[in-house]
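# Examination of the molecular architecture
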Amino acid sequence: MEELLAYVGAELKKPEEEISDDLVFLINSRVKPPKPVTRKDIFVRTMFLVSDEVNSYGGRFPLEELHNLANLVIDSPVMVGHTKEKLPIARNFKGEVVQKDGQNWLKVWFYWLKSAKDASSMKENIDHGIYKECSLGFVFE
C-alpha cells in the first residue's frame, strides 16, 4: 500500500456569528459524540478546503470530486500540521460545495469544545487572522 500526502492551499472563513440548532443537530447526528453537545458547549467555524482550480502541484479536484469530498470530510478530525502523533483539535461535521470568486470550493464546518484546553485562544487566533491556512491531507491506495 502506498501513501500519498498532498498539500492543497485553503483558507479559514470569517467567524460564524450564530450557532443554529440545525448545526448542533448535525454535530449530534453525524459525529454522534457520547455526550451530545449544545450551543453553549462549542465554537463553530468554517474553512474553504479545496477548489476545482489548478493547485500548486498542478493537479485539481473536478467538481464531482468536491461533492464526494463533502461527504468524506464529515466526522473527520482537524489536525495541526498533519501530525498524527497528536490528538485532533476539532472535528468536521458538514461539507458543502459553494461558489467563491468564480470557482467551486468545498466549504467545511468544524467545531471544538469551549471547555477544551486553549479553546478560547484557538478561537481568538482564528478570528484575528493568526490561524488562517489549512490543507487537505489524505491517504489512498
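Residues numbered from 1 in each chain as written. Predicted model: local features only at pLDDT ≥ 70, side-chain atom pairs only at ≥ 80, totals over all residues. Heavy atoms only, no water.

### Digging into the confidence of the model for the protein chain
Looking at the protein chain as a whole, the pLDDT averages 84, with 82% of positions reaching at least 70. Of all the helices and strands in the protein chain, strand E1 (residues 10-12) carries the lowest mean pLDDT, 55, while helix H1 (residues 21-31) carries the highest, 97. Segment residues 1-8 is flagged for pLDDT under 50; beyond a separation of four residues in sequence, or across chains, it makes 24 contacts in the model. (pLDDT = per-residue confidence, 0-100. Helix = DSSP H or I, 4+ residues; strand = E, 2+ residues; numbered from the N terminus. Contact = heavy atoms within 4.5 Å.)

### Some points on helix H2 (residues 63-72)
For H2, every residue scored as buried is listed here: Leu66, Leu69 and Ala70. Projected onto a plane normal to the axis of H2, the buried residues spread over an arc of 110 degrees and lie on a single side. In this structure, H2 carries Glu64, Asn71 and Leu72 as exposed residues pointing more than 90 degrees from its buried face. (Buried < 20%, exposed > 50% of the residue type's maximum accessible area, 1.4 Å probe, protein only. Arc of directions from axis to C-beta.)

### Section: the nonpolar core
Membership of the largest hydrophobic core comes to 20 residues, with the highest contact counts inside it found for Met47, Leu49, Val50, Leu106, Phe110 and Trp112. Residue assignment for this core shows that the elements contributing at least two residues are strand E2 (42-51), H2, strand E5 (103-113) and helix H3 (119-127). With twelve residues, the next largest nonpolar core counts Leu26, Ile27, Ile42 and Tyr111 among its residues. (Core = buried A, V, L, I, M, F, W, Y, C linked by side-chain atoms within 4.5 Å.)

### Observations concerning the packing of aromatic side chains
Applying the stated criterion to the full structure yields four aromatic pairs. Ring plane angle 75 degrees and centroid distance 6.1 Å describe the contact between Phe48 and Trp105, whose orientation is recorded as edge-to-face. Taken together, the positions of Phe48 in strand E2 and Trp105 in strand E5 put the pair 57 residues apart, joining distant regions of the chain. Comparing Phe48 with Trp105, the two get one shared label, buried. Ring geometry for Phe110 versus Trp112: centroids 5.8 Å apart, planes at 20 degrees, classification stacked. Overall, Phe110 belongs to the buried group, its relative accessible area being 3%. (Phe/Tyr/Trp six-rings, centres within 6.5 Å; stacked < 30°, edge-to-face > 60°.)

### A closer look at the pattern of salt bridges
Pairing between side chains of opposite charge can happen when their charged atoms approach one another. Counted according to the given criterion, the structure contains six salt bridges. We note a salt bridge from Arg91 to Asp75, for which the minimum N-O separation is 3.5 Å. Taken together, the positions of Arg91 in strand E4 (residues 90-100) and Asp75 in the loop between H2 and strand E3 (77-78) put the pair 16 residues apart, joining distant regions of the chain. Residue class for Arg91 comes out partly exposed when judged on its relative accessible area of 24%. Owing to a relative accessible area of 32%, Asp75 belongs among the partly exposed residues under this scheme. Taking the shortest distance from any N to any O, the salt bridge between Lys123 and Asp127 comes out at 3.1 Å. Linking Lys123 with Asp127, this pair stays in helix H3, spanning four residues, or about one helical turn. Its relative accessible area of 24% is what places Asp127 among the partly exposed residues. (Salt bridge = Lys/Arg side-chain N within 4 Å of Asp/Glu carboxyl O.)

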